[in-house]
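Chain by chain, the residues:
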Amino acid sequence: MAANGSYNFGTVAPNTSYSVVLSTTQGTVGSAAPAAALPSSWVNTGENIGTGAGDDGSINGSLAVSVVISGVANANFGIEQKPTAFDINAGAQLNPGGSITVEVPTLTGTDPEDSSVTSFIIKTLPSNGTLYYDGVAVTAGQTITSYDSTKLTVDPADGVITVSFTYAAVDLAGKESPAKTVTMPFTDPLAHPIGSCYNSLQQMAFALDPTTAILPTGDPFQVVKVADLSKPSGYRVDAKVRELPGSADIIFTVEYIASLASSGANGAGWSSLATPPTSTASNGDGSITATYQDLETLTGLSSGQGFVRMKVTYGAVSTRTKVSGWSRRTALQNICQTVSMPYISYDLFCGKVDSATGASINLTTPVGSGDLKAAMLATGKSYCLEVTGGSYAGQRFAVDISASTATTLALDATSPLNTTSPIPALAPGDYVKLHPFWTLDELFDKNAFSGSNDPLTADRVTFYDNPTQTFKVYWLLDFSSIRQWVAEGDATLTDAGGRLMDPAEGCFLTARSADTSQIFIGFVRDFPFASPLKSGFNLIGGGWPMDQSSVSRGMTTALGFTGNGNPALADKVQIWKTDVTGLTSDGYSPYYLL
């Protein structure tokens, strides 16, 4: 056979019937003809004598030829190469749950004779999902012509599964390729694959790095103070969220509420913000920051306190961030009032403990590709490790940054800010979060208060020191170009603005010159809060932005408090009268445990 496909048998006997067979096996003169056979991936498409269209009725690579007295021309065989399809392995994606469908990756086929392949056969169906084409369930063996990749979808069964099915490409001659497999793994959108506090859906929606639980820019959704002279205290309240833009599959909804006491399960009591973000800005890494401005103008949030969170919906699955909040407080002129910080700061890290040996916490798995020590050093702040889940939930410990490593946190066993001593060994699987301690400057903005060069006329913050059973006063020095909090009695007038605030401590605030409005912002704890009490007097804060009673705080005999019919022998709670009356009457209203 010539390279162009022509062949000639030369002289053959007239008036004789022959069979011409197309085969990859060389025939032997005098022996039976070999069976019809083609190279791999080639198929017969027909046989016919003559130049016109036609066939011999059986596509088998064999053609009957009758020679009379002259040669027979154009004994033709039709053959072609089969099309080729390809295995398709999709990347893991979140399972949308319910009856939500997702697009199947584009089926791919090539054919040497045709410019493109536009028909495919679905050979087998998935056992844990339903295939649809243009909204209609696909059947096994169905041929899809004029294939449109956007119309082939699958509704995966719920859970962590892998959907797979087989398909073949079909060319214009109706020949199909060998079957190939489409593989689509689905993950649980609410899972925490590396032990991060943020689940897979939140990591995707907020454009977080899924390889580490470190949050270099803090929590993706948080309340912030923005300078605005038209507002009390000179600040307004905005919410900012870092998110993945342009995904129609993900729905972001800001939810808000005036009082956490009204909060119920599955969003009960919360309202949804119907308006879009006030503005958006690119972060330069494929994510954007969306800003919702002036939250206090929302219906019901104008009373000086409010709470917001972000709901993320993907398919039939929804998840919500932790709650952020704000509280306004006015310090009345020359009236001593108690104050405490009810919120915690943003998280630098939030994840699950691998192991712990007292003051050393191994966080290798959730840290992943990150570096804890470098992240802490980069901020220049002092950090608190707060236990949010496990037997020691609610306990807090100061971090020794210098002794920490990329994946291990060293705790300062001697810090007075620790809530228990010695430091207990946390169990694998306990959840912890790492956030900065608030400082005196951060809680009491020195630019919002009135200072002086005389501690008797300057605004002041007073703490109670349990070990010495004495008050410690910080006053606002304002002299020449110096404006800073300093400790009363400190002749060096050292800047005390960096004083770390114990999350459980309360204080007295006195504005000397005028009423002063301040605003506290941060995150609401959704876990226990330890408030250590030492023998003697303690000035403590609430830990939550909610009204609390002695019973709700666990101050009962069942939990170790001492009751007695004699007030002199019973544990006491003393309420500062000014906080109750709002008047200038100083002093305490005592209550004892009977």
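In what follows, the accompanying structure is described. (Residues numbered from 1 in each chain as written. Predicted model: local features only at pLDDT ≥ 70, side-chain atom pairs only at ≥ 80, totals over all residues. Heavy atoms only, no water.)

**Thoughts on the pairing of strand β25 (residues 324-331)**
The cut-off we apply is this: Buried, partly exposed and exposed residues are distinguished by accessible area as a fraction of the type maximum, computed with a 1.4 Å probe on protein chains only: under 20%, between the cut-offs, and over 50%, respectively. Segments assigned H or I by DSSP are reported as helices when at least four residues long, segments assigned E as strands when at least two residues long, and all are numbered from the N terminus. Two strands pair if DSSP finds at least two bridges between them.
With six of eight residues buried, β25 is to be regarded as a mostly interior element. One ladder, built from four bridges, connects strand β23 (residues 305-314) with β25; its direction is antiparallel. Considered in β25, the bridge of phenylalanine 307 is made with glycine 325. Sheet topology note: the β25/strand β38 (residues 516-523) ladder contains eight bridges and is antiparallel. Bridging across to β38, arginine 328 finds its partner in isoleucine 519.

**Observations regarding the environment of tryptophan 326**
Formally: Polar contacts, as used here, are pairs of N or O atoms within 3.5 Å; protein pairs need one atom able to donate a hydrogen and one able to accept it. Residues neighboring in sequence count only if both atoms are side-chain atoms.
You can see tryptophan 326 is positioned in strand β25. Measuring from C-alpha to C-alpha, the distance between tryptophan 326 and isoleucine 521 comes to 4.3 Å, with 195 residues separating the pair along the chain. Looking at tryptophan 326, its side chain comes within polar contact range of the side chain of glutamate 296, at 3.5 Å.

**Details of the pattern of salt bridges**
If charged atoms from side chains of opposite charge come close, those side chains can pair. Applicable threshold: Throughout this description, the term salt bridge denotes a Lys or Arg side-chain nitrogen within 4 Å of a carboxyl oxygen of Asp or Glu.
For the coordinates displayed, the defined rule picks out 18 salt bridges. Residues aspartate 294 and lysine 231 are paired through a salt bridge, measuring 2.9 Å at the closest nitrogen-oxygen approach. In this pair, aspartate 294 is assigned in the loop between β22 (288-292) and β23 and lysine 231 in the loop between β17 (221-227) and β18 (235-243), connecting sequence segments 63 residues apart. On the accessibility criterion, aspartate 294 (14% relative accessible area) is buried.

**Things to note about the packing of aromatic side chains**
Rules: Working definition: rings of Phe, Tyr and Trp (its six-membered ring) pair if their centres are within 6.5 Å, and the pair is stacked with planes under 30 degrees apart, edge-to-face with planes over 60 apart, and tilted otherwise. Remark: a charge is flagged as sitting over a ring if the NZ atom of Lys or the CZ atom of Arg is within 6 Å of the ring centre and within 35 degrees of the ring normal.
Applying the stated criterion across every chain yields a total of 14 aromatic pairs. With centroids separated by 6.5 Å and ring planes inclined at 55 degrees, the aromatic side chains of tyrosine 7 and phenylalanine 77 adopt a geometry described as tilted. In this pair, tyrosine 7 sits in the segment before β1 (16-21) while phenylalanine 77 sits in strand β4 (residues 75-81), placing the two residues 70 residues apart along the sequence. Seen in terms of ring centroids, phenylalanine 508 and tryptophan 576 are 4.9 Å apart; in terms of plane orientation they differ by 65 degrees. Their pairing is edge-to-face. Placement of phenylalanine 508 in strand β37 (residues 506-510) and of tryptophan 576 in strand β39 (residues 572-576) is noted, with a sequence separation of 68 residues between them. Among the aromatic side chains, those forming a connected cluster through ring pairs are Tyr464, Phe471, Phe508, Trp576 and Tyr588. For lysine 322, the ring lying beneath its charged end belongs to phenylalanine 523, and the centroid distance is 4.5 Å. A cation over an aromatic ring shows up here: arginine 499 above the ring of phenylalanine 463, its NZ or CZ 3.9 Å from the ring centre.

**Some words on the side chain of glutamine 484**
The topology assignment puts glutamine 484 in strand β36 (residues 482-487). A polar atom in the side chain of glutamine 484 sits 2.8 Å from the backbone oxygen of leucine 493.

**Focus on the state of the cysteines**
What counts, and what does not: By disulfide we mean two sulfur atoms from cysteines, separated by a distance within 2.5 Å.
Counted by the stated rule, this structure contains one disulfide. Covalently, cysteine 197 is tied to cysteine 350 through a disulfide, its sulfur atoms 1.9 Å apart. Between cysteine 197 and cysteine 350, the S-S dihedral sits near -75 degrees, and the bridge is therefore left-handed. On the criterion of sequence distance, the pair formed by cysteine 197 in the loop between β16 (180-187) and α1 (200-205) and cysteine 350 in strand β27 (residues 349-352) is long-range, its members being 153 residues apart. A residue is classified by how much of its surface remains accessible, and cysteine 350, at 4% relative accessible area, is buried. As a non-bridged cysteine, cysteine 336 has cysteine 507 as the owner of its nearest cysteine sulfur, 9.2 Å distant. Since its relative accessible area comes to 18%, cysteine 336 is described here as buried.

**A word on the sheet that holds strand β35 (residues 470-479)**
Stated precisely, the cut-off is as follows: Axes, fitted as lines to C-alpha atoms, cover a helix only where it is in contact. Angles between the N-to-C directions of the axes lie from 0 to 180 degrees.
Taken together, five strands build an open sheet; the order of strands is β26-β37-β34-β35-β36 and the sheet is antiparallel. The open sheet terminates on both sides in strands that have one partner only, identified here as β26 (337-340) and β36. Here the strands of the sheet are splayed against their neighbours by 30 degrees on average, with no regard to which way each runs. In the sheet, strand β34 (residues 460-465) pairs with β35 via six bridges, with the strands oriented antiparallel. Opposite phenylalanine 463, over in β35, you have lysine 472 as the bridge partner.

**Quick notes on the nonpolar core**
Generally speaking, a soluble globular protein has its nonpolar side chains buried in company with each other. Here is the rule: Think of a nonpolar core as a cluster: buried Ala, Val, Leu, Ile, Met, Phe, Trp, Tyr and Cys residues, connected wherever their side-chain atoms sit within 4.5 Å. Only heavy atoms enter the contact rule, under which two residues are in contact if any of them lie within 4.5 Å.
In this structure, Leu107, Leu152, Met184, Tyr292, Leu295, Met310 and Trp326 are the most contacted members of the largest nonpolar core, which totals 54 residues. Here the element with the most residues in this core is strand β15 (residues 161-170); it accounts for five residues. What methionine 310 contacts, discounting residues up to four positions off in sequence, is Phe206, Phe221, Val241, Phe252, Thr253, Val254, Tyr292, Thr319, Arg320 and Thr321. Of all hydrophobic cores here, the second largest spans 26 residues; its members include Phe307, Leu443, Phe449 and Val524.

**Some words on helix α3 (residues 372-379)**
Rules: Arc, as used here, means the arc of the directions from the helix axis to the C-beta atoms.
Inspection of α3 places Leu372, Ala375 and Met376 among the buried residues, and these make up the whole buried set. One face of α3 carries all of its buried residues, which in axial projection span an arc of 95 degrees. Facing away from the buried surface of α3 by more than 90 degrees, the exposed residues are Leu377 and Ala378. Structurally, α3 contributes buried residues whose contacts are with β27, α2 (364-367), β30 (383-389), β32 (408-410) and β33 (431-436). Residue aspartate 371 occupies the N-cap position of α3, its side-chain oxygen lying 3.2 Å from the main-chain nitrogen of lysine 373. Just downstream of α3 lies glycine 380, where phi reads positive at about 70 degrees.

**Comments concerning the sheet that holds strand β29 (residues 360-362)**
The strand order across the open sheet formed by three strands is β28-β29-β32, and the pairing between neighbours is antiparallel. Each of the sheet's edge strands pairs with one partner strand only, and the pair in question is β28 (355-357) and β32. Averaged over all adjacent pairs, the angle separating strand axes in this sheet is 15 degrees, with direction ignored. Bridge analysis of β29 against β32 gives three bridges, and the strand direction is antiparallel. For serine 360, the partnering residue across the bridge sits in β32 and is alanine 410.

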